[in-house]
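One-letter residues, chain by chain:
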Amino acid sequence: MQFRLEKRREPSRLMSYITPFAAVLLTMVLGTVIFSLIGYDGLGAVREIFLTPLTNSYKWQDLGIKAAPLIIIGTGLSIAYRANVWNIGAEGQYVIGGLAGTGIALLTYGMTGWWILPLMVLAGILGGMAYAAIPAFLRTRLNVNEILTSLMLTYASVQLIYYLIRAPWKDPMGMGFPQTRLFSEAARLPTIIPGTIVHLGVPIAVIVGIVAWFIMTRSVFGYRMRVVGAAPHAARYGGFSENKTIWLAMLVSGGLAGLAGVLEVAGPFQRMVPGFPTNYGFTAIIVAFLGRLNPLGVIVAGVVLAITFVGGEVAQTTIGLPNAATGIFQAMMLFFLLAGDILIKYRLRRVSPQPSVGAA
Amino acid sequence: MPNRLELTGITKQFPGVLANDHVSFSVKPGEIHALLGENGAGKSTLVKMIYGIMQPDAGEIRWNGEPVVVPNPKAARKLGIGMVFQHFSLFEALTVLENIALGMDAKIPSRELESRIREVMQTYGLLLDPHRTVATLSVGERQRIEIVRALLLNPQLLIMDEPTSVLTPQEVEQLFTVLRKLAAEGCSILYISHKLHEIKALCDTATILRGGKLVDTCDPKQETSRSMAEKMIGTGLRDIVKGEGRVLGPPKLVVNRLRTGKTGHFDVPVDNVSFTVRSGEILGIAGVAGNGQNALLDALSGEIIGDDREAITIDGYGIGLMNTTERRKQGLCAVPEERNGHAAVGDFSLADNSVLTARDRLGMVVMGLINSGAAKTYTGKVIADFAVKALGPASTAGSLSGGNLQKYIMGREILQKPSVLVVSQPTWGVDAGAAAAIHQALVDLAAAGSAIVVISQDLDELRALCDTLAVINMGRLSEARPVKDFSIEEIGLLMGGVHGTTEGADAIPA
């Protein structure tokens, strides 16, 4: 017995909205089965990971601050992926953005002034852009695949943190710990709800998503990204050069990853530490796809992935699930989503071995 | 003697369309039977069911008197049904022999296969060296590979899908000789085409389809081309109305020693092309597919940008270094050959497709934002003026039939009133009624003072439409002359250029 994928005449629009939800649901079901089989409380694991963060109101602030960087990076990636520019190295651009912001914070250490934070944010965005410019340059000039270069640069960026916080940026009062000093007050992101840890990055993330949605649906820039991704040949005919589009896509996605990085270092961390790279840049790839490469969808998807992060931590303490379980759940979600996408465009048909020609 | 093939009440339903509605006809042994119809009339669906690519929902297929079910093409070949498709499935980097061996159902030692190929080629005068690489062959020669491939199976029925759309007049004659010889030996031929004079010259019987239904089965020799065309489209035909005694204006588009670099491995670049098109003039560029037409269109539209500013001028102003957007602003619009994915984006709505090329000329962009209202209004005008069958500006381009999409694309460019319009294959695969409408729109645009370049492989179209004609071969363009100074034979020889005339000499006798 063989199976064959057959293209559908018209992919169902309804199904393309349903699959993200179906993917989350299937992840819960399969997660229950898998973790039950390996001897954990499977149902409990799914409950802790997906429901506890929603039902416990004191977890909501955690959701907000986890979702913010995912939404900001995911928005940038959704724009680049629309144009078929595969920036996989948002994690690296996030790190460089964070480092650029840290650099400003250390330079202005002890100073006060309203301009310090905006300057850090600007530096973070420019840092992310500059780091994304490397794969863009290699792709447009030498035709090097941006997936490889952007991914590999991520590991280089992590080494850069280790170097900086062990030598030039090491906290002089830190008793040898590899970390920078705590930023001064003017370089820390203010919290917006008193008594919580919800910082300014959360509303910024929502605004970024909404503005990006507007730009992608209404502007020539958004049109360019969509047409280059849908039909590169037609894009050239319409006057959109491929190289310029690659540059724009890499710079926008890199810049937003850098923004997320600087908000993260100035918000929750308030100093640069070795644990700064927390895979937000990679998780945002799932966010972008789960959000259907639509910035408004990315906002929702960012919250869903934040739930798994927060819930994963809960499950570690309550059920003793390993930390890696979060990654497994997130990966399952992406897997089901991509599989669903294929089934929207194609139908699975059984091909029985053909009998020879016979009279009917 | 029973009929070779007999179809009774064949019906095929697709979502939203009844592609074939109780179609019944029969093909006798040794008969050359034409299947005529507009695009979307259901011809392709019908032959796909005969060849086993699809299954009918209802109806019966009888083969030599016996009812049969054809589950797949392999079974069809086993029955003795061969098919030559419009689009060849050949690997350019492999030789003729390797390509044929790959397509065989049974595994035959290559030496034996070669001798059989030579035998078939000898018998039917299909001369071709089996060891030549396909990339070096002309389109006519490539088609011969497909025919040889089909003939190796000793078919009793050969289906030919629009076989002459890419051939020179001489190649068409050679093909007809082969087909007549085959028919004389008892092989039936089902010949799909919309070129009526060919059908009159070649076929014994014609079955005409319209909207999935069989309209008539007639003897094409008793009919006029016009009467068959009217049965095909269901209404009277319109002639192209050219204003008599038109005076051509001053030179508008001047192309001077235009050349392009070689891009792909098998692409033919444009080599030292020069021509002048005056205001009000339609220049036709004839040529067999793959002789640099695509590179010429891209070089004119700005998709390929050259290094000489003066290589292309409009009203004396050099645009050779400009990109497509800047050239459009200068008044040069272009329509490439490939509709879906090049001239239009299938996944986008028609309104969004209008933004693709009309955004700057028609002010659809204000401060970086797209004025979707203006795009919708303009698209609605294109749909209305060019009788595009679409639900509205929000329909996706991919949901339109080929002919309707072409009408939309031509309308989108023509209604921008470009001062220079370059089009490739303006009526490829478009039915007679729509083709007439597109031709008339081009003539009207020229009458309003635009300079038009039509690149086409359809000689009838070029001779009816153009004032002057030039022939492109291997990227070089012949001198342009008034179209009435050319004879068909002369155009054919120019089209054949180097390879067309040397095939016989190149081929190794078996």
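Just so it is clear, the model here is predicted, and its values are computed rather than measured.

**Student:** Quick rundown of the packing of helix α11 (residues 280-290) of chain A against helix α12 (residues 295-318) of chain A? Include the residues and the values.
**Tutor:** All names here are of chain A. As a packed pair, α11 and α12 sit with axes 8 Å apart at the nearest point and diverge in direction by 130°. In terms of their interaxial angle, α11 and α12 are classed as oblique. Crossing of α11 against α12: the hand is right-handed. Taking contact as the criterion, the partners of Y280, T283, I286, V287, A288 and L290 in α11 are, on α12, V298, A301, G302, V304, L305 and F309. Residues belonging to the contact of α11 with α12 are distributed by class as follows: ten nonpolar, two polar and no charged.

**Student:** Can you lay out the nonpolar core for me, pointing to particular residues and giving the numbers?
**Tutor:** I73, M120 and V227 of chain A together with L442 of chain B are the most contacted members of the largest nonpolar core, which totals 151 residues. At twelve residues, the largest contribution of residues to this core is made by helix α3 (residues 60-82) of chain A. With residues near it in sequence (within four places) discarded, V227 of chain A still touches P232, A235 and F240 of chain A together with V345, F348 and L356 of chain B. Counting residues in hydrophobic clusters, the runner-up holds 49 residues, among them I108, M121, V148 and A183 of chain B.

**Student:** Explain the packing of aromatic side chains residue by residue, including any values.
**Tutor:** All names here are of chain A. With the rule as written, the count across this model stands at 15 aromatic pairs over all chains. Measuring from ring centre to ring centre gives 5.5 Å for Y81 and F289, while their planes differ by 25°; the resulting arrangement is stacked. You can see Y81 sitting in helix α3 and its partner F289 sitting in helix α11, a full 208 residues away along the chain. For Y81, a relative accessible area of 1% gives the class buried. Ring centres of F335 and F336 lie 5.5 Å apart, and the angle between their planes is 70°; on these two criteria the pair is classed as edge-to-face.

**Student:** Run through the environment of S36 of chain A, naming residues and quoting values.
**Tutor:** With respect to the helices and strands, S36 of chain A occurs in helix α1 (residues 13-37). When residues no more than four places from it in sequence are discounted, the contact partners of S36 of chain A are G42 and L43 of chain A.

**Student:** Any details on the interface of chain B and chain A? Residues and values, ideally.
**Tutor:** Each side of the interface is counted separately: chain B has 34 residues, and chain A has 24 residues. For the pair chain B and chain A, the summed buried surface comes to about 2,500 Å²; carbon and sulfur atoms form 62% of the total. On the chain B side of the contact with chain A, E303, F348 and I370 of chain B bury the most area, a combined 20% of that side's loss. On inspection of chain B and its partner chain A, the count reaches two salt bridges. Across the pair R236 of chain A and E303 of chain B runs a salt bridge whose closest N-O atoms are separated by 3.8 Å. Here chain B and chain A share eleven residue pairs in polar contact (both at pLDDT 80 or more) between them. When residues of the side of chain B that touches chain A are traced back to their parent elements, those giving at least two are α2 (73-79), α10 (324-329), β16 (332-335), α11 (350-358), β18 (369-370) and α13 (402-414) of chain B. Per element, the largest residue contribution to the side of chain B that touches chain A is five residues, and it comes from α11 of chain B.

**Student:** Requested: an account of the pairing of β16 of chain B, with residues and values cited.
**Tutor:** Residue and element names in this part refer to chain B. Across the two faces of β16 the burial is the same, with L332 and A334 and C333 and V335 all buried. When β16 meets strand β19 (residues 420-424), the two strands line up parallel, connected through four bridges. Bridging from a neighbouring strand, C333 pairs with L421 of β19.

About the criteria used
Residues numbered from 1 in each chain as written. Chains lettered and ligands numbered in written order. Predicted model: local features only at pLDDT ≥ 70, side-chain atom pairs only at ≥ 80, totals over all residues. Heavy atoms only, no water. Axes fitted to C-alpha atoms, helices over the stretch in contact; angles between N-to-C directions. Helix = DSSP H or I, 4+ residues; strand = E, 2+ residues; numbered from the N terminus. Parallel < 35°, antiparallel > 145°, perpendicular 65-115°, else oblique. Left-handed = near helix turned anticlockwise from the far one by under 90°. Contact = heavy atoms within 4.5 Å. Nonpolar A, V, L, I, M, F, W, Y, C, P; charged D, E, K, R; others polar. Core = buried A, V, L, I, M, F, W, Y, C linked by side-chain atoms within 4.5 Å. Buried < 20%, exposed > 50% of the residue type's maximum accessible area, 1.4 Å probe, protein only. Phe/Tyr/Trp six-rings, centres within 6.5 Å; stacked < 30°, edge-to-face > 60°. Buried area = accessible area lost by both parts, 1.4 Å probe. Salt bridge = Lys/Arg side-chain N within 4 Å of Asp/Glu carboxyl O. Polar contact = N/O pair within 3.5 Å; in protein donor to acceptor, adjacent residues only side chain to side chain. Pairing = 2+ DSSP bridges.

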